[in-house]
Amino acid sequence: MMKMMLGVASALALAACAEKSAAPQAPAGAAAPASEAAAPDAAEPAEEAFVPPPPPTRADDFAWPAATDTVRIATSKGDIVVELYGEKAPKTVANFLQYAADGHYDRTIFHRVVGGFVIQGGGYGVAFNERATRAPVSYEGDNGLPNYRTTIAMARTSDPNSAAAQWYVNLADNNEALDHFANDLGPRYGYTVFGRVIEGMDVADAIGRLPTGPGGPFPSEVPSETVLVTQVAPVDAGAGE
């Protein structure tokens, strides 16, 4: 089974194959008279789970290019709307849109979640059956688009020209680890950013907060709650099951 991974020094390298209180008691001696029914205790308001604020990101100040396409990634947690940058990553965007049009992403799962780093999907069905892919797309990671929070980028193996169908959403500014970089020693190949979340980043963050563990062929980083991608479609075509 092919493992799609981000070859970075961090253990968070992107990989795809291959993260009650007791009821209150009535006080003693406070029983209601036999002729009266005891009044029910007032319901305690449910304590809301703490949701941390989103981390700061340089994405807000970056000069993003004009969008060539906009798609809705419909999930079982809500919709994520992404604008795509076909002028900066033409082969990658065309590849992604073709997989979407072919229904490749329908009823796939987010099979990898690393809190504060990425959520990754696009490759596996509910039963962890790996979806067949076409030939990989050529590397476009040197297009100048950074792996900032909110961006969507392609997962791949250690071969920079191996990206196929799997993608991830950056939950934080991961540019230091994941961007293309070149110096006198040569290039360090990065991961191709080809779009950005413009609506529904709260959905991505909620997925990123799910507890994880083993699942299917993966020893870790599989969300304990199955999160489906029901469809990826242009926004004017709608999305849903």
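This section reports on the structure supplied with the text. Computed from a prediction, not measured in an experiment: that's the story for all the values here. (Residues numbered from 1 in each chain as written. Predicted model: local features only at pLDDT ≥ 70, side-chain atom pairs only at ≥ 80, totals over all residues. Heavy atoms only, no water.)

### Notes on the overall build of the protein
Along its length, the protein carries 3 helices and 14 strands. A total accessible area of about 12400 Å² is found for the protein, and carbon and sulfur atoms account for 54% of it. (Helix = DSSP H or I, 4+ residues; strand = E, 2+ residues; numbered from the N terminus. Areas by Shrake-Rupley, 256 points an atom, 1.4 Å probe, with all protein chains shown as cover.)

### Considerations on the sheet that holds strand S11 (residues 193-199)
If you trace the 8 strands once around the closed barrel, you get S3-S4-S11-S7-S8-S6-S5-S14, paired in antiparallel fashion. When the angles between neighbouring strand axes are averaged without regard to direction, this sheet yields 35°. Sheet analysis places strand S5 (residues 108-114) next to strand S6 (residues 118-125), joined by 5 bridges and oriented antiparallel. The residue of S6 that forms the bridge with Thr108 is Gly125. The strands touched by helix H1 (residues 90-101) within the sheet are strand S3 (69-75), strand S4 (78-84), strand S7 (151-154), strand S8 (167-170), S11 and strand S14 (228-234), with S3 carrying the most contacts at an inclination of about 45°. Those strands touched by helix H3 (residues 201-208) are S3, S4, S5, S6, S8 and S11, and its axis lies near 120° from that of S4. (Pairing = 2+ DSSP bridges. Axes fitted to C-alpha atoms, helices over the stretch in contact; angles between N-to-C directions. Contact = heavy atoms within 4.5 Å.)

### Regarding the nonpolar core
In terms of nonpolar packing, the biggest core is built from 33 residues, with Phe96, Tyr105, Trp167 and Phe194 touching the most fellow members. Listed in part, the 14 residues of the second largest apolar core include Trp64, Tyr85, Leu145 and Ala153. (Core = buried A, V, L, I, M, F, W, Y, C linked by side-chain atoms within 4.5 Å. Buried < 20%, exposed > 50% of the residue type's maximum accessible area, 1.4 Å probe, protein only.)

### Some points on H1
Residues spaced three or four apart along an α-helix face the same direction, because each turn holds 3.6 residues. Compared with the 16 Å implied by 1.5 Å per residue over 12 residues, the 16 Å span of H1 between its first and last C-alpha is a close match. Where H1 is concerned, the buried positions are Thr92, Val93, Asn95, Phe96, Tyr99 and Ala100. In an axial view of H1, the angular spread of the buried residues amounts to 160°, which keeps them on one side of the axis. (Expected span 1.5 Å × (residues − 1). Arc of directions from axis to C-beta.)

### A look at the side chain of Gln166
Looking at the secondary structure, you find Gln166 in the loop between S7 and S8. A relative accessible area of 5% places Gln166 in the buried class. Side chain to side chain, Gln166 and His111 meet in a polar contact 3.3 Å long. (Polar contact = N/O pair within 3.5 Å; in protein donor to acceptor, adjacent residues only side chain to side chain.)

### Comments concerning the pairing of S5
S5 sits mainly inside the fold: 7 of its 7 residues count as buried. Hairpin connection, S5 to S6: the antiparallel pair is bridged by 3 residues, and Gly116 has positive phi, about 75°. Looking at chain direction, S5 and S14 are connected through 2 bridges and run antiparallel. By the bridge assignment, Ile109 is partnered in S14 with Leu228.

### Examining the packing of aromatic side chains
Scanning the entire structure with this criterion turns up 11 aromatic pairs. Summarising the aromatic geometry, the rings of Trp64 and Tyr85 are spaced 6.0 Å apart at their centres and angled 15° between planes, so their arrangement reads as stacked. Highlighted residues: Trp64 in the loop between strand S2 (15-16) and S3 and Tyr85 in the loop between S4 and H1, separated in sequence by 21 residues. Across the pair, Tyr85 and Trp64 agree in class, each one buried. Taking 6.3 Å as the distance between ring centres and 80° as the angle between the ring planes, the aromatic pair formed by Tyr105 and Trp167 counts as edge-to-face. (Phe/Tyr/Trp six-rings, centres within 6.5 Å; stacked < 30°, edge-to-face > 60°.)

### Points about the pattern of salt bridges
Enumeration according to the criterion identifies 7 salt bridges in this entry. A salt bridge links Glu225 to Lys77; its shortest N-O distance comes to 3.2 Å. Within this pair, whereas Glu225 is found in the loop between strand S13 (218-223) and S14, its partner Lys77 is found in the loop between S3 and S4, the two being separated by 148 residues in sequence. Judged by relative accessible area, which is 34%, Glu225 ranks as partly exposed. By relative accessible area, Lys77 is classed as partly exposed at 34%. A salt bridge links Glu221 to Arg112; the nearest nitrogen and oxygen atoms lie 2.5 Å apart. Here Glu221, found in strand S13, pairs with Arg112, found in strand S5; they are 109 residues apart in sequence, far enough to count as distant. For Glu221, a relative accessible area of 17% corresponds to the buried category. (Salt bridge = Lys/Arg side-chain N within 4 Å of Asp/Glu carboxyl O.)

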